[in-house]
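# An overview of the molecular structure
Each chain is listed here by its residues.
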Amino acid sequence: MDTAFAAVEIPRTLADTVYGTLKRDILDFRLAPGDRFTETEVADRLQVSRTPVREALFRLEREGYLEVRQRNGWLVKPLDFNTLDHFYELRSVLEAAAVQAICAPGKGADPLRALRPLADAWLVDADGRSSDRERLADLDERFHIDLVAAAGNPEISRVHRAATERIRIVRRLDFTQPDRIDKTYEEHGAILAAVLDGNAARATDLLRAHILDSQAAVRTITLHRLYSARQAGAD
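Let me sum up the structure you'll find in this document. None of these values were measured; they are calculated from a predicted model.

Let us now look at the environment of Ile-156. Mapping Ile-156 onto the fold places it in helix α9 (residues 154–166). Residue classification places Ile-156 among the partly exposed positions, given a relative accessible area of 29%. Along the primary structure Ile-156 and Leu-94 are separated by 62 residues, whereas in three dimensions their C-alpha atoms are 7.0 Å apart. Those residues within four positions of Ile-156 in sequence are excluded, and the remaining contacts are Leu-94 and Val-148.

What follows concerns helix α8 (residues 133–149). Over its 17 residues, α8 runs 24 Å from end to end, which matches the ideal 24 Å to within 8%, given 1.5 Å per residue. Regarding α8, the residues found buried are Leu-136, Ala-137, Asp-140, Glu-141, Phe-143, His-144, Ile-145, Leu-147 and Val-148. Two to three positions downstream of the cap, the backbone nitrogen of Glu-134 sits 3.0 Å from a side-chain oxygen, assigning the N-cap of α8 to Asp-132.

Along the chain, the position of Ala-97 falls in helix α5 (residues 81–102). With 37 residues separating them along the chain, Ala-97 and Glu-134 place their C-alpha atoms 28 Å apart.

Take the layout of surface pockets next. Empty space within the largest pocket amounts to approximately 200 Å³. As for the largest pocket, its lining consists of Gly-64, Glu-67, Lys-77, Pro-78, Leu-79, Asp-80, Thr-83, Leu-84, Phe-87, Glu-165, Arg-166 and Ile-169. For the lining of the largest pocket, the secondary-structure elements that each account for two or more residues are α5 and α9. Tallied by class, residues from the lining of the largest pocket come to 5 nonpolar, 2 polar and 5 charged.

Now for unusual backbone geometry. A positive phi is found at Gln-47, a non-glycine position, where the angle reads about 60°. By secondary structure assignment, the location of Gln-47 is in the loop between α3 (39–46) and α4 (50–62). The exposure class of Gln-47 is exposed, given its relative accessible area of 68%.

Attention shifts here to helix α11 (residues 178–196). Here α11 is 19 residues long and its end C-alpha atoms lie 27 Å apart, about the 27 Å a rise of 1.5 Å per residue gives. Of all the positions in α11, only Arg-180, Ile-181, Thr-184, Tyr-185, Glu-187, His-188, Gly-189, Ile-191, Leu-192, Ala-194, Val-195 and Leu-196 are classed as buried. Positive backbone phi, approximately 75°, marks Gly-198, located one or two places after α11.

Residues Leu-22, Ile-26, Phe-37, Leu-66, Leu-115 and Val-195 are the most contacted members of the largest nonpolar core, which totals 57 residues. Beyond its immediate stretch of four places on either side in the chain, Leu-22 contacts Leu-31, Val-42, Arg-45, Ala-56, Leu-57 and Leu-60.

Time to look at the pattern of salt bridges. For the structure on display, the rule yields 19 salt bridges. Each of Asp-174, Arg-180, Lys-183, Glu-187 and Asp-213 takes part in a single network of salt bridges with overlapping partners.

Here we take up the packing of α5 against α8. Two quantities define a packed helix pair, namely the angle between the axes and the distance from one axis to the other. Remark: α5 packs on α8, axes separated minimally by 8 Å, with the N-to-C direction vectors making an angle of 50°. As the angle between them shows, α5 and α8 are arranged oblique. α8 is crossed by α5, and the crossing has left-handed handedness. Along the contact surface, α5 presents Arg-91, Glu-95, Ala-98, Val-99 and Ile-102, while α8 presents His-144, Leu-147 and Val-148.

About the thresholds
- Residues numbered from 1 in each chain as written.
- Predicted model: local features only at pLDDT ≥ 70, side-chain atom pairs only at ≥ 80, totals over all residues.
- Heavy atoms only, no water.
- Helix = DSSP H or I, 4+ residues; strand = E, 2+ residues; numbered from the N terminus.
- Buried < 20%, exposed > 50% of the residue type's maximum accessible area, 1.4 Å probe, protein only.
- Contact = heavy atoms within 4.5 Å.
- Expected span 1.5 Å × (residues − 1).
- Polar contact = N/O pair within 3.5 Å; in protein donor to acceptor, adjacent residues only side chain to side chain.
- 1 Å grid on protein atoms, 1.4 Å probe; cavity = no way out; pocket = protein on both sides within 12 Å on 5 of 7 lines; lining within 4 Å.
- Points joined across faces, edges and corners; volume = space filled by probe spheres on them.
- Nonpolar A, V, L, I, M, F, W, Y, C, P; charged D, E, K, R; others polar.
- Core = buried A, V, L, I, M, F, W, Y, C linked by side-chain atoms within 4.5 Å.
- Salt bridge = Lys/Arg side-chain N within 4 Å of Asp/Glu carboxyl O.
- Axes fitted to C-alpha atoms, helices over the stretch in contact; angles between N-to-C directions.
- Parallel < 35°, antiparallel > 145°, perpendicular 65-115°, else oblique.
- Left-handed = near helix turned anticlockwise from the far one by under 90°.

Following this line, the structure appears as structure tokens:
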């Protein structure tokens, strides 16, 4: 092994620890939307070098939580609720179109076969439900992405993934409330059952209601988190 390369190799556990800490800070609004900070500030606070900090920050940027500012360090992405609403509306349109395409007569078994892994994850009883909010956030995103992908239009899937990335920072707040976790399981399960039955009208209605419900819940949770963060900062 090249010893020069080995000297700069980052222990994954350290970078993962920094990533997890910063992500919790963002989701709990200890790092609130619009906050600026530098790699050095994070490294000093966590008592680590800048190398694992930089890796963690770029990972969070790829996930849509941060923006890099070359002269001013890093920025937690500000929230624009009007823009977020537009992306929620776009998701609703694209996912409804995907459901109708999947359920269209003569579509064949391939789309339904592609949804079987989703059924295994979401059509479960209460004992089979996960309470890990990070895992649930990933499963939730996968549910909607795979639902659109099953319709077989790669361009619609591409646009849908881009919209999903733009609202990721607030959507993940949906899983900080236990009642929202239960509702998501129930609503995803009902949508999948309707799609697997080929009932496009029911699946579309359930899907649109689910997205609107999640959108409203996330807005309430986000505003509460912002208010609490500002109050804590003022004390």
